[in-house]
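Letter by letter, the chains look like this.
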Amino acid sequence: MLNASYPTPLLAYKEAGTMIELQGKDQIGGRAVIVLLYTPKTGPASRMFFDAETFLLARAMTKLNVPEAGGVIEQTSDVSDYRDVAGVKVAFSIRSTSPAQTVAITLSKVEINAPIDDAIFSRPLVK
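Residues numbered from 1 in each chain as written. Predicted model: local features only at pLDDT ≥ 70, side-chain atom pairs only at ≥ 80, totals over all residues. Heavy atoms only, no water.

## Some words on the pairing of strand β5 (residues 71–85)
Then, number 1: Across eight bridges, the pairing between strand β4 (residues 57–66) and β5 is antiparallel. Each residue of the ladder has a partner; that of R59, found in β5, is D78.
Then, number 2: Following β4, the chain reverses through four residues before pairing antiparallel with β5; G70 in that reversal takes a positive phi of roughly 95 degrees.
Then, number 3: Counted along the chain from β5 to the antiparallel partner strand β6 (residues 88–97), the turn is two residues long, and its residue A86 has a positive phi close to 55 degrees. (Pairing = 2+ DSSP bridges. Helix = DSSP H or I, 4+ residues; strand = E, 2+ residues; numbered from the N terminus.)

## Quick notes on the nonpolar core
Then, number 1: Counting residues in hydrophobic clusters, the biggest one holds five residues: I28, V33, V35, F49 and M61.
Then, number 2: Among residues more than four places away in sequence, those in contact with I28 are V33, F49 and R59. (Core = buried A, V, L, I, M, F, W, Y, C linked by side-chain atoms within 4.5 Å. Buried < 20%, exposed > 50% of the residue type's maximum accessible area, 1.4 Å probe, protein only. Contact = heavy atoms within 4.5 Å.)

## Observations concerning the environment of P40
Then, number 1: Within the secondary structure layout, P40 lies in the loop between β2 (31–39) and β3 (46–51).
Then, number 2: What makes P40 buried here is its relative accessible area of 6%.

## As for the sheet that holds β3
Backbone-to-backbone hydrogen bonds join strands into a sheet, with any given pair of strands oriented parallel or antiparallel.
Then, number 1: Reading across from one edge, β1-β2-β3-β4-β5-β6-β7 is the order of the seven strands in this open sheet, with antiparallel pairing throughout. A single partner strand is all that each edge strand has here, and the edge strands are β1 (19–28) and β7 (102–106). Sheet twist, expressed as the average angle between the axes of neighbouring strands with direction ignored, equals 25 degrees. (Axes fitted to C-alpha atoms, helices over the stretch in contact; angles between N-to-C directions.)

## Overview of the side chain of T76
Then, number 1: Take T76: it is sitting in strand β5.
Then, number 2: The contact partners of T76, leaving out residues within four places of it in the chain, are R59, A60, M61, R95, S96 and T97.

## A word on the pattern of salt bridges
Then, number 1: One pass over the structure, following the stated rule, counts five salt bridges.
Then, number 2: In this structure, D51 engages R31 in a salt bridge whose closest nitrogen and oxygen atoms are separated by 2.6 Å. Pair noted here: D51 is in strand β3 and R31 is in strand β2, with a separation of 20 residues, a long-range link.
Then, number 3: Its relative accessible area of 10% is what places D51 among the buried residues.
Then, number 4: Judged by relative accessible area, which is 39%, R31 ranks as partly exposed.
Then, number 5: In this structure, R31 engages E53 in a salt bridge whose closest nitrogen and oxygen atoms are separated by 3.9 Å. Taken together, the positions of R31 in strand β2 and E53 in the loop between β3 and β4 put the pair 22 residues apart, joining distant regions of the chain.
Then, number 6: You can call E53 exposed: its relative accessible area is 63%. (Salt bridge = Lys/Arg side-chain N within 4 Å of Asp/Glu carboxyl O.)

Have a look at this one:
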């Protein structure tokens, strides 16, 4: 998570000291993908799979050291259901799987630069 940045860590990868290597092409679900090896300055490397037609991220695979799970595990995040939100393609579905768990995130609405009331960040009153 320390290496993540919105909307993508690829925008400022050089400034962050990240190395990116083209690893060729592959297939996911019958679609051609371009595979990149993303190696941040610190933290684990990820293989990123981009749709060869749309150039949108389709999958990311990262090996994580999780002592609670017995050591290194591989987490796969499949990204899909891209929709246009104010001129930006946003994935409305993300499914992360690992030997330890599966987490599915489905967005129903995305607003860009929506006003947020500061009160939602205050601590609740203790009764």
